[in-house]
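# Structural overview for review
Residue strings, one per chain:
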Amino acid sequence: GEKHSREAHFPYRYYIASFYRRFEVTMSSSCMCASSSPKLVFETHQQRLRTRTFRKRSFGFKMSPSPTKSSSRSSRRRCSSVQASIQAFANTNDTKKQFPKQAFSVDEVKKCALITAIKTPYLKSGKIDLRKYDVLVEEQILGGVQGLVVGGTTGEGQLMSWDEHIMLIAHTSKIYGEDLLVIGNTGSNSTREAVHATSQGFAVGMDAALQINPYYGKTSRAGLMKHFGAVLDFGPTIVYNVPARTTQDIPSEVIFELAKHPNFAGVKECEGNERIRNYTKNGVTCWSGNDDEAHDAKWDAGAAGVISVTSNVAPKLMRELMLGAKPNPKLRDDLIPLMRWLFKEPNPIGVNTALAMLGCAEPVFRLPYAPYDEKTRQEGKKIMETVGLEHFVDAGDGARIRDVRDDEFILLDEW
């Protein structure tokens, strides 16, 4: 789609306006971000980032205990430090333009073992529900998740305008960037769109990009190299191979060639553990894209970890599965029924239904996605009760499963 054809830089104005309203400061220091040049916006935003101190740089994805709920809730609004950084940026006289290092290096991205492909909740109007989104992100932090993919397939980036997409990346980076690796799904089947969205994503603070190969309008091997080469220069990049959705497998030879680029972090691979094993033995970092194969991908095939859907609903269990001191085949087998239920229909239908049942999202679906029927929801309820509700995300009033009626689901064909 022509997502960029109207106001190419509107997402900056939209997000900056909401950001400054949130912290009750003036709009005077945002003027540089209204530039007509994406490169200038990127440079000036990166200059502003230099005034901030990132805890995540020293975190290094160690096996540290998960933070307590109270400490996470109390620390997530860092008004004074953010205001100070805004004022420092507004007062700076340094107009020299350069590309400082990202908050995360490529090597640090490669250490991330548990990444959630985060769900995007909606209001009844169909607009993004940032309050529910924040609760869900905080549950990921409490559960020990190390990174998020924002606006991925699970997050329904394919149903977002680029304005919404970049706003959500910016929001996540600003509020939770000190606690999590923020990966923006800024890929597209149009190289022009991928370049534009990726420049915007890094400009508003994401740490890495997820890039898919061109789908539907498939291209040649030479075209793949040119397409990925156009976006790799912006910063750390994970290539996403999911032939079931794109109908085109990225050949191993292309991945090995892309791996020579200094910003290539690795590949999210959905073609099974034999493919992953072939990559890892040749020095290519991999994340499994299949939850049911993730345990064996890490412990048998050498994967760094998983980019997970299941961790939306059970982050603590997925952390135990992927970050435990040793393989845990019993937990893997215990979670398989839940994973299979979540993928009984194409993702993200299952996780959307589950989070509505858990009260972590309103029962609102943007079409063409529609919820599980009553029979399938009852199957999921029994599976979650068997796993143990204490392991699931909490909407704030205690983990419990709601019996959402068919007539409570809202299916939108316009938003």
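The coordinates are above.
Here's what I pulled together on the structure shown here. (Residues numbered from 1 in each chain as written. Predicted model: local features only at pLDDT ≥ 70, side-chain atom pairs only at ≥ 80, totals over all residues. Heavy atoms only, no water.)

Relative to the assigned elements, Pro 368 resides in the loop between β9 (364-366) and α18 (374-387). Given the relative accessible area of 64%, Pro 368 is considered exposed. Between the C-alpha atoms of Pro 368 and Asp 413, which are 45 residues apart in sequence, the distance is 7.7 Å. (Helix = DSSP H or I, 4+ residues; strand = E, 2+ residues; numbered from the N terminus. Buried < 20%, exposed > 50% of the residue type's maximum accessible area, 1.4 Å probe, protein only.)

Attention now goes to the pattern of salt bridges. Summed over all chains, the structure comprises 14 salt bridges. Its salt-bridge partner being Asp 249, residue Arg 275 comes within 2.7 Å of it at the nearest N-O pair. Here Asp 249 lies in the loop between α11 (243-246) and α12 (252-258) and Arg 275 lies in helix α13 (residues 273-280), a separation of 26 residues in the sequence. A relative accessible area of 31% places Asp 249 in the partly exposed class. (Salt bridge = Lys/Arg side-chain N within 4 Å of Asp/Glu carboxyl O.)

Next up on the list: the environment of Gln 200. Position of Gln 200 among the secondary structure elements: in helix α9 (residues 191-203). Gln 200 sits in the buried class, given a relative accessible area of 1%. As for Gln 200 and Thr 186, which are separated by 14 residues in sequence, their C-alpha atoms are 8.9 Å apart.

Below, the discussion takes up the sheet that holds strand β3 (residues 181-185). By way of backbone hydrogen bonds, the strands of a sheet pair with one another, either parallel or antiparallel. The parallel closed barrel is built from eight strands, whose spatial order is β1-β2-β3-β4-β5-β6-β7-β8. Pairs of neighbouring strands in the sheet enclose a mean axial angle of 25°, with direction left out of account. Across the face of the sheet, helix α8 (residues 162-176) comes into contact with β2 (147-150) and β3 while running at roughly 175° to β3. Relative to the sheet, helix α14 (residues 291-299) contacts β7 (286-288) and β8 (305-308), its axis offset from that of β8 by approximately 165°. (Pairing = 2+ DSSP bridges. Axes fitted to C-alpha atoms, helices over the stretch in contact; angles between N-to-C directions. Contact = heavy atoms within 4.5 Å.)

Now for the environment of Lys 281. The residue Lys 281 is located in the loop between α13 and β7 in this model. Separated by 20 residues in the primary sequence, Lys 281 and Ala 301 place their C-alpha atoms 8.6 Å from one another.

The next point concerns the packing of aromatic side chains. Here the structure, examined in full by the defined rule, presents three aromatic pairs. Consider the rings of Phe 256 and Tyr 279, whose centres lie 5.6 Å apart with planes at 80°: the pair is edge-to-face. One end of the pair, Phe 256, is in helix α12; the other, Tyr 279, is in helix α13, with 23 residues separating them in the sequence. Directly above the aromatic system of Trp 299 lies the positively charged group of Lys 298, at a separation of 4.9 Å from the ring centroid. (Phe/Tyr/Trp six-rings, centres within 6.5 Å; stacked < 30°, edge-to-face > 60°. Lys NZ or Arg CZ within 6 Å of the ring centre and 35° of its normal.)

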